[in-house]
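Remarks on the overall topology
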Amino acid sequence: QELEEKSILKKIFHKIDEDGSGVLSFDELEYGAKKVPEFRQWLRVMDIDDGDLRQLFEIVDGDGSGEVDPEEFVEAMFRMKNTEAKTATKFVKHLVTRLDNEAKDMRADLAVILAGLTERTEKALQMLEPQNQVVDKPLKDPRLAR
């Protein structure tokens, strides 16, 4: 049965690969979900709708190249349908991993911004220091002395 399903997935891949390049772009995957009945049925079985296609593409694009080759497509789609406990679990795991990576990137960006702000604040305070010294000096007006 595995060989039969993988053979079907290879045929689906070639139907989706509109330009015949041997790799799928996100646009081709999206096209296939709408126009290739066998692929649409495969997605339906896995409970994947149009709103999930971007995430599906990112999951299937295992090497992050922005394109999906036949082996990535066949293996990922077969695994998601047959060996993953739930497709939803795979999606959630992917989403959580992506959000964690984005949070790490944001923390690093914020650290750089904070360091820059701290440096600017310190420089501004240094520039104000001479003015503060003048204000802090006591007045030596003889009329005020007792």
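See the structure shown above.
Residues numbered from 1 in each chain as written. Predicted model: local features only at pLDDT ≥ 70, side-chain atom pairs only at ≥ 80, totals over all residues. Heavy atoms only, no water.

1. Side note on the packing of helix α1 (residues 2-16) against helix α5 (residues 70-82)
Where α1 meets α5, the axes come as close as 9 Å, and the angle between the chain directions of the two elements is 130 degrees. With respect to α5, the element α1 is oriented oblique. Here α1 and α5 pass one another in a crossing that is right-handed. Between α1 and α5, the residues in contact are Glu2, Glu5, Lys6, Leu9, Lys10, Ile12, Phe13 and Ile16 and Pro70, Phe73, Val74, Glu75, Met77, Phe78, Lys81 and Asn82, respectively. Residues of the contact of α1 with α5, tallied by class, amount to nine nonpolar, one polar and six charged. (Axes fitted to C-alpha atoms, helices over the stretch in contact; angles between N-to-C directions. Helix = DSSP H or I, 4+ residues; strand = E, 2+ residues; numbered from the N terminus. Parallel < 35°, antiparallel > 145°, perpendicular 65-115°, else oblique. Left-handed = near helix turned anticlockwise from the far one by under 90°. Contact = heavy atoms within 4.5 Å. Nonpolar A, V, L, I, M, F, W, Y, C, P; charged D, E, K, R; others polar.)

2. Here we look at helix α3 (residues 37-45)
Of all the positions in α3, only Phe39, Trp42 and Leu43 are classed as buried. Down the axis of α3, the sector holding all buried residues measures 95 degrees, keeping them to one side. Packing partners of the buried residues in α3 comprise α1, α2 (26-35), α4 (53-60) and α5. At the C-terminal side of α3, Asp47 shows a positive phi close to 60 degrees. (Buried < 20%, exposed > 50% of the residue type's maximum accessible area, 1.4 Å probe, protein only. Arc of directions from axis to C-beta.)

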